[in-house]
Amino acid sequence: MASDALLKRLVFALNGRRYEVAGGDVDASTTLLEFIRTRTPFRGPKLGCGEGGCGACVVLIAKYNPMTDEVTQFSASSCLTLFYSLNFCSVITTEGLGNTRDGFHAIQKRISGFHATQCGFCTPGMCMSIFSSLVSADNSKRPEPPNGFSKLIVSEAEKAFSGNLCRCTGYRPIVDACKSFASDVDLEDLGLNIFWKKGDKKSDVGKLPSYTLGGGICTFPEFLKTEIKSSRDNLDDANITVSKDSWYHPRLPSNILCGGICTFLDCLKSGLKSSRDHLNDANITDSKQGWYHPRSIKQYYELVNSTLSGECSVKVVVGNTSAGVYKDQDLYNKYIDIEGIPELSYIIRKDGGIEIGAATTISRSIEILEQENNSKSSPNGSVVFKKLAEHMSKVATPFVRNTASLGGNIILAQKYQFPSDIATILLGAGSTVCLQVVAERRHISLEEFLEQPPLDPTTTLLLSIFIPHWISDTQAQTSLVFQTYLAAPRPLGNAVSYVNSAFLGHVCFDESSGDLVLSNLHLAFGAYGTEHALRARNVEKFLTGKLLTASSVLGAIQLLRETIVPTKGTSHPEYRISVAVGFLFSFLSPLAKGMAVPGKPFSISSANSLDTDDIYNLTLSSRRETTSGDEYKPIGEPMKKYGVELQASGEAVYVDDIPAPKNCLHGEFIYSTQPLAFVKNIKFKSSLASEKIITVVSAKDIPSKGRNIGSMSMFAEEPLFGDPIVEFAGQALGVVIAETQRYADMAAKQVVIEYDTVDLNSPILTVEQAVQNKSYFNVPAALYPKQVGDFSKGMAEADHKLLSIQVKLASQYYFYMETQTALAIPDEDNTMVVYSSSQYPELAQTVIAKCLGVPFGNVRVITRRVGGGFGGKAYRSFPVATAAALCAYKLRCPVQMYLNRNTDMIMVGSRHPMKAHYSVGFKSDGKITALHLDLLIDGGISEDLSPVIPSGVISSLKKYNWGALSFDIKLCKTNNTSKSTMRAPGDTQGSLIAEAIIEHVASVLSLDANRVREKNFHTYDSLQLFYPDSAGEASTYTLHSIFDRLVSTSSYLDRAESIKQFNKCNKWWKRGISCVPLIFKVEPRAAPGRVSVLNDGSIVVEVGGIEIGQGLWTKVQQMTAFALGQLWPEGCEGLLERVRVLQTDTLNLIQSGVTGGSSTSESSCAATLQACKLLVNRLNPVMNKLQLQSSTVSWDNLISQASQENVNLSASVYWVPDQGSNSYLNYGAGISEVEIDLLTGAITILRSDLVYDCGRSLNPAVDLGQIEGSFIQGVGFFIYEEHQTNSDGLVVSNSTWDYKIPSVDTIPKQFNVEVLNTGYCKDRVLSSKASGEPAVVLASSVHCALREAIRAARKEFADSTGSKSSPLTFQLDVPAPMTVVKELCGFDIVERYLESLSTMN
Ligand SMILES: Cc1cc2nc3c(=O)[nH]c(=O)nc-3n(C[C@H](O)[C@H](O)[C@H](O)COP(=O)(O)OP(=O)(O)OC[C@H]3O[C@@H](n4cnc5c(N)ncnc54)[C@H](O)[C@@H]3O)c2cc1C
Ligand code: FES
Ligand code: FES
């Protein structure tokens, strides 16, 4: 009976609590993440993307096999795992590892102690990925590790969280925290931490929070085991029941190990199956909707047939990870989980190979292939199985591989043309598949299967995949060769390949010629823009039996070019073809005589250089130098961050973690896809999702006294909704309201908008079109930067001139891990409370009040913490907060909006893209005499804060003495999303433009770029000329010494020499090195602060600044303890722990201002200091009195006495920087070394060294984190992040699939940072300097190094092939990802090389 397959009850454990849910009570489309976050008290797993692409939602899932009494556990993305697939499973979230009440887990404590969080939004997911890796290593049969360590090894530690994204930290400290568990770690190598201090004799594991082998957590509670064993069938009928026991913390006594691995097949064989069946026997009437889990093929077909007769939509699932790739466009009535069909889970070893059930996960398949590789039964498994396993380990992420099935992947490739890696490599290995087509079972080759029409699950099931053993034929004296390749933006996975391939063949020696000959070839290629992976049969035929020589390889490659034809519309078609060519060349060249093979023959012995063949597998290393001062203790101490354990344990409350108030509804924007049009009509498709719409709120719902306003700045306002005309693709048109956020998201997708463009001009989508139409924003004269000197005179002095050279810089999306969100709650008397994830609550309050038409005092905006902002949650947070408030106002109930990642990326806006043309004059020795810049900045549709961008660009550009500097800057108004300030706005682009000019001059003069840089460094006099209002005292100009120091500590000269040698010896790999200086102007702003002391001595502090991960609260906490401690000559112990920094509330503390521009921590500290001084003044007389009575006065005594004497124990101030401290310069320098692979364009940052002047750092650990994090964000901008739009300006890089921020495998292999203490300065807050933004700029060193490496490549191929084009003249725009690198190195270099060899022969 089909109804037998209906799941009527689900029982599972969450952090040791028992949950039981009736089958129909929770919608079958509910994900585990949604269930946890909305139906349980746990908020640890976060929603970062909903696509499996970020890791914020990672949890540990454990399954139990009652037959073997074994528990198997793995990490999984809870955003993709469907809730009902977890019957009789146990789930652990980070709260289950440790929490405030039960104590924190070693992972959480080490994350905290190694300063490995900033905004903390990624941290729970990081903890769970690390935990999962530790548990799985500890459960392995490896030898026991030394006491206090795990069985994990260092190289695995870095991969433990390779799928987890962090936008703040730059990963290095997380790597250190994770490595600290590794059995082979050298503790001395670990970074700055609170467990041991610099100068401590020995780093000792005993000083680290103790770790129990196995993780110390019971991942599968006893009660669930008992329940599974006893297969109870009389479960009660309650909808969701939680065990009545008090909180159960799943911590184990330290000597108990959870262990063992069981396959799902084993589980099926076990009593688990019977217990599930028992549940199904319950006498419950069938329902159309729900979760079905057939136990046989027969039952599956019965179910499908019964479904076909009814009118309902069905989704067949195994791991459901495909929902991360192809998002569900609508809801379904029925889900059929086929994982329980036994034939889909069989693993059968056969003589000729191995058959793997289609429902087997990719992780399990890797294990099986590795086992087979090691087993005696498959002597040749090592060639094929090992490579397959290695390649599969780069597919997706660990937490996706753990639930994604092998079969699901192949079906995606077959049905949806998914660019699968697995289909390609299995095709190359000559695999076959077994299909169930109704009553018939068919075995066909994978190749045939891929060529068939899309599989129809109502008739066909993929049962298994058979991978043959391939053996060398000793009789025929042939050896087996097998290789797989992929080119993807990230080396360790979490990025789909541009192209992949797998090559198999037998090779034998031809005695007469001495050459090798290939036979039995399988040359499979995929993902290059093909419908499915295919075999290049013509190339196979061509090569079979041929002697492998340069000309036969060339012939094969020429044929391949005709075969690999990406379908129309595929991005980077030329790139993909040339990489496919490169792969074939890599495979064939070692087999042919006399070719420069893509290995690295050159070995560098210099101690300062990285010397390895496999740079991707290099372990990360780092060095950090910081100096703490104890003059203002605890200021200057590298203290751990305030509230960091709360972040790690998932207890830190972000907006979406606030328990939804009663009757709370949820909203999602609908937006325009047209750039300029009248909206004629808005309709919704007839669908299940549309049925969830409660209402749609739009401009017509704005109260009569209110205005259509969604954002504003000091320059202008912008509308909340496009009404009646939309002015850019991505503009809000309304908000769909539904009962849950997921329903609202899904319903918003059903919208159909009719546009009309009659009588409208064409939209302006480029800066060139803006120039044509004179469409500009005004830049007020006071903000327009100042020119320096006389450009014509400077040009007249020049020996050489470069005229109107273009540099293009694209945009960058913020990619905060927490998307824009707000919760609005209507309150009495027409007031509104809005919890907003905002960097600027004060202005959010203004905008909301204007929109609702109420006095500002009627709106209270509260912000506790923000899950990453980077500028994107300043002005761009207002539309969400305002829309939520408007909806709440209209509906008279709480409304929450948590933008879906795709919507956020499309609507929110981004960094300013720009085009620059420079004309520069210079002397033959490299001294530049004049520079003129024509700059076109795309400001998007509204002013936002764009008029400040020109001054940012020019301020950064002025880091060199250009002699004379003139410019013409146009801030273009276009029909694109509004561009807003993003970390180091303008400075980031200005610095790159400056470096591009310097490098261009150096290349024209054939001089070392560093010499040209130094030649053009400012003297103190010219510094004053270029920065008249911020140059400061001569003694504070530290750039020269920083630069010299960096050049010497990083062994720049030696390394530059080694690189020359490396490049000479390596044809297919090139390296480059570059060093860039930094001058960054910081302008602290006024800020309020209030410090209050409660009667028990607790201290609460309110500041205007928002904690966005930059450590503001920590610095404020330190400042409070320091300042109030001034009442005692030696300071006061224990004050720090008494300080609590409060959330920002716009009605409690007014004039809070914006958190941005790097200086808010300083300003907030300055305000705190001033408020504390007031308190100290008030407390001093009390202190003096008490001291007369006793020589020692405690804080408690003092406060108790002061309170009895009615001293006002709350002090409020508004700190305003004085003339001397309202602007200063920050200095730093960075050197980066990169390596590029000329065949794929892949980039590896081998090493980056930074020296940064932090003045007297308020907290060196916090500042170091800011410097590292912003550098890596800069690397994203300069190298990896491609922000693309379609021809209507609609953002198409709108997901984790298309937009690749740096991940742990793309950061520098060696990353050294020195935070300099440059001493006393009266004009700054306790002599400190800002650290939040400037280091973004230093990442341009990676871009410059890349240019050097490409230059070397172009030189190599120009030399050897006699190319006429000058290898040195080329532009490297921003970003410069691997596709660009390859293009600049030459798409045809392999052919050119082979042709040159053929000619020589
Ligand atoms: C973040 C992320 C990154 C990824 N990166 C990569 C990558 O780098 N390379 C790569 O190759 N893949 C990648 N993938 C794809 C991933 O491998 C597939 O999503 C996964 O293997 C699908 O398996 P599943 O069990 O989750 O399938 P499901 O999502 O459950 O099902 C997928 C489809 O197949 C059907 N189906 C499943 N099994 C059968 C069967 N036995 N018979 C008939 N129909 C069936 C389902 O009905 C559904 O239509 C990535 C996925 C994600 C989410
Ligand atoms: S939210 Fe699940 S992986 Fe991003
Ligand atoms: S700390 Fe990792 S995303 Fe903010």
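We now turn to the structure provided with this report. Only a predicted model underlies this, so the values are computations on that prediction, with no experimental measurement involved.

**With respect to helix α4 (residues 123-138)**
Item 1. Helix length check: α4, at 16 residues, gives a terminal C-alpha distance of 22 Å against a target of 22 Å (1.5 Å per residue), a fit within 8%.
Item 2. With 15 of its 16 residues buried, α4 lies for the most part within the structure.

**Remarks on the sheet that holds strand β35 (residues 964-972)**
Item 1. Taken in spatial order, the 4 strands line up as β28-β33-β34-β35 in an open sheet, and their pairing is mixed. Each of the sheet's edge strands pairs with one partner strand only, and the pair in question is β28 (800-809) and β35. The mean inter-strand angle of the sheet, taken between neighbouring strand axes irrespective of direction, is 10°.
Item 2. With 9 bridges connecting them, strand β34 (residues 928-938) and β35 associate as parallel partners. Each residue of the ladder has a partner; that of His-932, found in β35, is Ser-966.

**Structural notes on helix α1 (residues 32-39)**
Each α-helix winds once per 3.6 residues, and so residues spaced three or four apart point in a common direction.
Item 1. A large share of α1 lies buried, amounting to 6 of its 8 residues.
Item 2. Of all the residues in α1, the buried ones are Leu-32, Leu-33, Glu-34, Phe-35, Ile-36 and Arg-37.

**With respect to the packing of helix α35 (residues 1160-1189) against helix α36 (residues 1195-1204)**
Item 1. Orientation of α35 relative to α36, taken along the N-to-C sense of each, is 115°, at an axis distance of 10 Å. Relative to α36, the element α35 is oriented roughly perpendicular. Pair α35 / α36 crosses with right-handed handedness. Across from Leu-1179, Val-1182, Met-1183 and Leu-1186 in α35, the residues of α36 making contact are Trp-1195, Asn-1197, Leu-1198, Ile-1199, Gln-1201 and Ala-1202.
Item 2. A per-class count over the contact of α35 with α36 returns 8 nonpolar, 2 polar and no charged.

**Here's the deal with the side chain of Asn-65**
Item 1. Mapped onto the elements of the fold, Asn-65 is located in strand β3 (residues 58-65).
Item 2. Within polar-contact distance, the side chain of Asn-65 engages the backbone nitrogen of Met-67 at 2.9 Å.

**Regarding the packing of aromatic side chains**
Item 1. Tallied over the full model, the rule gives 44 aromatic pairs.
Item 2. Taken together, the ring pairs connect Phe-12, Tyr-19, Phe-35, Phe-83, Tyr-84, Trp-291, Tyr-332 and Tyr-335 into an aromatic cluster.
Item 3. Between the NZ or CZ atom of Arg-110 and the centre of the ring of Phe-181, over which it lies, the distance is 4.0 Å.
Item 4. One residue, Arg-865, lies across the ring of Tyr-654, its end atom 5.7 Å from the ring centre.

**Here we look at the environment of Asp-756**
Item 1. Residue position: Asp-756 is located in strand β27 (residues 751-756).
Item 2. Taking relative accessible area as the criterion, Asp-756 reaches 24% and is therefore assigned partly exposed.
Item 3. Residues Asp-756 and Leu-676, spaced 80 residues apart in sequence, show a C-alpha to C-alpha distance of 9.1 Å.
Item 4. The contacts of Asp-756, once residues within four sequence positions are left out, are Ala-677, Phe-678 and Lys-680.
Item 5. Of note is the side chain of Asp-756, whose polar atom sits 2.9 Å from the backbone nitrogen of Val-758.

**A short note on the site of ligand 1**
Item 1. Surveying the vicinity of ligand 1 reveals 35 residues, the closest of which are Val-316, Val-318, Thr-321, Ser-322 and Ser-405.
Item 2. A distance of 2.5 Å separates an oxygen atom of ligand 1 from a polar side-chain atom of Ser-322.
Item 3. When ligand 1 sits alone it has 980 Å² of accessible area, and the protein chains cover 98% of it.
Item 4. At the level of secondary structure, the elements contributing two or more residues to the shell around ligand 1 comprise β8 (314-317), α11 (322-325), α15 (406-416), α16 (421-428) and β14 (460-468).
Item 5. Here the residues of the shell around ligand 1 are counted per class, giving 23 nonpolar, 9 polar and 3 charged.

**Concerning the sheet that holds β8**
Through backbone hydrogen bonds, the strands of a sheet pair up, either in parallel or in antiparallel fashion.
Item 1. Spatial ordering of the open sheet is given by β7-β9-β8, a layout of 3 strands whose pairing is parallel. If you trace the sheet from one side to the other, it starts and ends with β7 (290-292) and β8, each paired once. On average, each strand axis in the sheet is inclined to that of its neighbour by 20°, with strand direction left out of account.
Item 2. Direction of pairing for β8 relative to strand β9 (residues 334-337): parallel, over a ladder of 4 bridges. Residue pairing in the sheet places Val-316 in a bridge with Ile-336 of β9.

**Remarks on the pattern of salt bridges**
Item 1. The final tally for this structure, using the stated rule, is 62 salt bridges.
Item 2. Residue Asp-657 is joined to Lys-46 by a salt bridge in which the shortest nitrogen-to-oxygen separation is 3.0 Å. With Asp-657 in the loop between α21 (644-648) and β20 (665-671) and Lys-46 in the loop between α1 and β3, the pair connects residues that are 611 residues apart, well separated along the chain.
Item 3. Salt-bridge contacts for Lys-970 lead to Asp-968; the nearest nitrogen and oxygen are separated by 2.7 Å.
Item 4. Ionic contacts of the salt-bridge type, sharing partners, join the residues Lys-959, Glu-995, Glu-999, Arg-1013 and Arg-1347 into one network.

The rules behind each value
Residue positions within a chain follow its written sequence, with the count starting from 1. For naming, the first written chain is A and the first written ligand is 1, with later ones following in the order written. Where local features are concerned, this predicted model is filtered to residues with pLDDT of at least 70; where side-chain atom pairs are given and counted, the filter is 80 or more; whole-chain, interface and lining totals use all residues. Side-chain metrics rest on all non-hydrogen atoms present in the structure, leaving aside hydrogens and water. By the criteria applied, helices consist of DSSP H or I runs no shorter than four residues and strands consist of E runs no shorter than two, each listed in order from the N terminus. Helices are assigned an expected span. That span is 1.5 Å times one less than the residue count. Working definition: with a 1.4 Å probe on protein chains only, accessible area under 20% of the residue-type maximum means buried, over 50% means exposed, and in between means partly exposed. In this analysis, strands are considered paired if DSSP registers two or more bridges between them. Lines are fitted to the C-alpha atoms to define the axes, a helix being fitted only along its stretch in contact, and any angle between axes, read from their N-to-C directions, falls within 0 to 180 degrees. Working definition: roughly parallel below 35 degrees, roughly antiparallel above 145 degrees, roughly perpendicular at 65 to 115 degrees, and oblique for all remaining angles. In a left-handed crossing the near helix is turned counterclockwise from the far helix by less than a right angle, and in a right-handed crossing that turn is clockwise. Contacts: residue pairs with any heavy atoms within 4.5 Å of one another. Residue type decides the class: Asp, Glu, Lys and Arg count as charged, Ala, Val, Leu, Ile, Met, Phe, Trp, Tyr, Cys and Pro as nonpolar, and the leftover types, Gly among them, as polar. Nitrogen and oxygen atoms within 3.5 Å of one another constitute a polar contact, given that in protein one can donate a hydrogen and the other can accept it, and given that sequence-neighbouring residues count only through two side-chain atoms. When two rings of Phe, Tyr or Trp (its six-membered ring) have centres within 6.5 Å they constitute a pair, described as stacked for plane angles under 30 degrees, edge-to-face for angles over 60, and tilted for the intermediate range. Charge-over-ring placement is defined geometrically: NZ (Lys) or CZ (Arg) within 6 Å of the ring centre, and within 35 degrees of the ring normal. If a single non-hydrogen atom of a residue is within 4 Å of a molecule or strand, that residue counts as near it. Each accessible area is a Shrake-Rupley estimate made with a 1.4 Å probe; only the visible protein chains count as cover when residues are assessed. Any Lys or Arg side-chain nitrogen located within 4 Å of an Asp or Glu carboxyl oxygen qualifies as a salt bridge.

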